Every structure is written in structure tokens, then in C-alpha cells.
Amino acid sequence: MRIDRFLSNLPRFNRQQVRLLLVERRVAVDGVKVSDPHHEVREFSRVCVDDEVLQEGKPARYFMLHKPQGCVSATSDPQHPTVLELLDEPDIAELHIAGRLDFNTTGLMLITNDGQWSRRLTQPTTKLPKVYLVETEQNIGAHYAATFKAGLYFAFEDLTTQPAELELLGPRTARLSIIEGRYHQVKRMFGHFNNKVIGLHRERMGPLALDCSLAPGAYRALTLDEIRQV
Ligand code: URA
């Protein structure tokens, strides 16, 4: 929300007073004086007028989890454990997953309460690559790479996937980098060649790689530097 709206929504200030407060540089967001009425205020922002705190700002939280097999990327599930249950953190219900993984897919999972941050990671428009190690039932043909690069038509969504990069690592293993994260995308891409994916592991999302010291099921908070890279 814009700072001028934020302030004029409070019963104590009318629009004229808000304009004045900003012009007089009496408003601070996260410790920095602001005069631009468009300046963005988020639930995480600390907002002060003079020395008075109008909003404390709640802490933004970011975690990296090594998702193990056999848990679902959901907030609740009647049958199976969920990835959020692996976190020993308060107010779990406020957290969400940035980019789901299938039940048996392993690897990097990012969890946060910051919707803007997770959208930057997952929206195809930001073109951040998601990198997967793939193991298949049949040999991977040399011609797959060109097909994946050209994009595959997904009839259900009526779209063609964005160019993906395939690097062959062995006859049945490859590293695949995709921009978007459509439902079962990797499995459907290999499914185009009737080649079943039997192992799938996410190594990286954009600038963030899975910390190798995290065992399956373990997690840690992201560092400030990691958070800023997205
Ligand atoms: N693509 C898939 O098919 N499954 C995943 O879990 C992630 C990407």
C-alpha cells in the first residue's frame, strides 16, 4: 500500500494532514525519512511519524528446506506429512511454499511469509531458472534438448512452455533448467517422449542453491544476502 493511503486510512489523519506530514519529512519507513506519497508500505515495514511508531512491522521470514520424499507440498493433508510440518517454527500457518514439489520429488524448497518475494521467484516473467536433476526409465535421446529448447505445447493450459535447457549427464540422467513451474512440468516434458521420470531433485531456484549440508528433512533460515539475491 502507498504511504499516503496507509496514513490517511488511520482515523487520526486526513488527506491534507498526510500531505503536510510527508512534505515536512516527518514520516519514516524502516528508519528512512520519506516524502514520496507513492512510497510502498508493507506488513513488514516499520512506520513512524516523528518519534511515534504507527506500525511495528512484522518480521519477514525465509527458510530453505531439503524436501524429502513422501511428503506433500501443502499446508495440510489428511493422509501424509506436509513440508510445513517439518519446520519447528511459530505461526506456521502464516508461511507458504514458493514453488511446490511433487510427493516424491526431493530437493530445494523455499518457504516464506513474504508473498512478493516468492512471486519474484516463481513467476515465469522474472525468468529465474529452476534446475532439476532428472532420472528416467528409458535412455534420454539426443533430440530431447532441441524439443525442450523449442518449447512443448501443453494442451490443458493451452500454452507452449518457455525454452528449457537440457544437459545430459548419463544415459538416463540429466540436468534440466526450466523457467516456469507448470503442474508436473518436468514429468510431462519427458512424458512427451514416453519416458517416465523415476527420480526428480530440485537443485536450485534462481540464485539460490540447495545447501549441501542440509540432510533430507532439514532446514535453515536464509541469510540476509540470500534473501536480497532474489
Ligand atoms: N516438475 C514435476 O513434474 N514435478 C515436480 O515436483 C517439479 C517439477
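Residues numbered from 1 in each chain as written. Predicted model: local features only at pLDDT ≥ 70, side-chain atom pairs only at ≥ 80, totals over all residues. Heavy atoms only, no water.

## Comments concerning the overall build of the chain
In terms of helices and strands, the chain carries 6 helices and 15 strands. For the chain, the C-alpha radius of gyration of 22 Å lies well beyond 17 Å, the compact-globule estimate for 230 residues. For the chain, the spread of C-alpha atoms along the principal axes amounts to about 70 × 40 × 30 Å. Out of the 230 residues belonging to the chain, those deemed buried represent 41%. Long-range pairs, those at least 24 residues apart, make up 60% of the contacts in the chain between residues at least 6 apart in sequence. Just so you have it, the chain exposes about 12,600 Å², and 51% of that area is on carbon and sulfur atoms. With 29 positive and 29 negative side-chain charges, the chain shows a separation of 4 Å between the mean positions of the two kinds. (Helix = DSSP H or I, 4+ residues; strand = E, 2+ residues; numbered from the N terminus. Rg over C-alpha atoms; globule rule 2.2 N^0.38 Å. Buried < 20%, exposed > 50% of the residue type's maximum accessible area, 1.4 Å probe, protein only. Contact = heavy atoms within 4.5 Å. Areas by Shrake-Rupley, 256 points an atom, 1.4 Å probe, with all protein chains shown as cover. Lys, Arg positive; Asp, Glu negative; His and termini not counted. Charge placed at Lys NZ, Arg CZ, Asp CG, Glu CD.)

## Quick word on the site of the ligand
Close to the ligand lie L101, D102, T105, Y132, H184, Q185, V186, K187 and L200. Measuring from an oxygen atom of the ligand, one finds a backbone N or O atom of H184 at 3.2 Å. Within the backbone of V186, one N or O atom sits 3.1 Å away from a nitrogen atom of the ligand. Compared with its free state, where it exposes 240 Å², the ligand has 95% of that area covered by protein. According to the grid-proximity analysis, the pocket containing the ligand is the largest pocket. Here the element with the most residues in the shell around the ligand is helix α5 (residues 185-191); it accounts for 3 residues. Split by residue class, the shell around the ligand holds 4 nonpolar, 3 polar and 2 charged. (Near = heavy atom within 4 Å. Polar contact = N/O pair within 3.5 Å; in protein donor to acceptor, adjacent residues only side chain to side chain. 1 Å grid on protein atoms, 1.4 Å probe; cavity = no way out; pocket = protein on both sides within 12 Å on 5 of 7 lines; lining within 4 Å. Sits in = over half its atoms within 2 Å of the grid points. Nonpolar A, V, L, I, M, F, W, Y, C, P; charged D, E, K, R; others polar.)

## Side note on the environment of H192
Structurally, H192 can be placed in the loop between α5 and β13 (197-205). Remark: the alpha-carbon pair of H192 and T147, spanning 45 residues in sequence, is separated by 9.7 Å.

## Focus: the state of the cysteines
Formally, a disulfide is one covalent bond, and it connects the sulfur atom of one cysteine to the sulfur atom of another. The full count for this structure, using the stated rule, is 0 disulfides. With no disulfide of its own, C71 lies 19 Å from the sulfur of C212, the closest cysteine sulfur. C71 sits in the buried class, given a relative accessible area of 3%. (Disulfide = S-S within 2.5 Å.)

## Section: the domain arrangement of the chain
When the parts of a complex come together, some accessible area is lost, and that lost area is often taken as the interface size. The assigned domain composition of the chain is domain 1 (3-55) and domain 2 (62-224). A C-alpha centroid distance of 40 Å is found between domain 1 and domain 2. (Domains from an automatic or database assignment.)

## What to know about the side chain of E226
Along the chain, the position of E226 falls in helix α6 (residues 224-229). Separated by 2.8 Å, the side chains of E226 and R220 make a polar contact. In this view, E226 contacts M64, L208 and R220; residues no more than four positions away in its chain are not counted.

## Describing the environment of G107
Mapped onto the elements, G107 comes out in strand β7 (residues 106-112). It is 44 Å that separates the C-alpha atoms of G107 and S35, two residues lying 72 residues apart in sequence. Excluding its chain neighbours within four sequence positions, the residues that come into contact with G107 are L65, H66, K67, L101, H201, R202 and L210.

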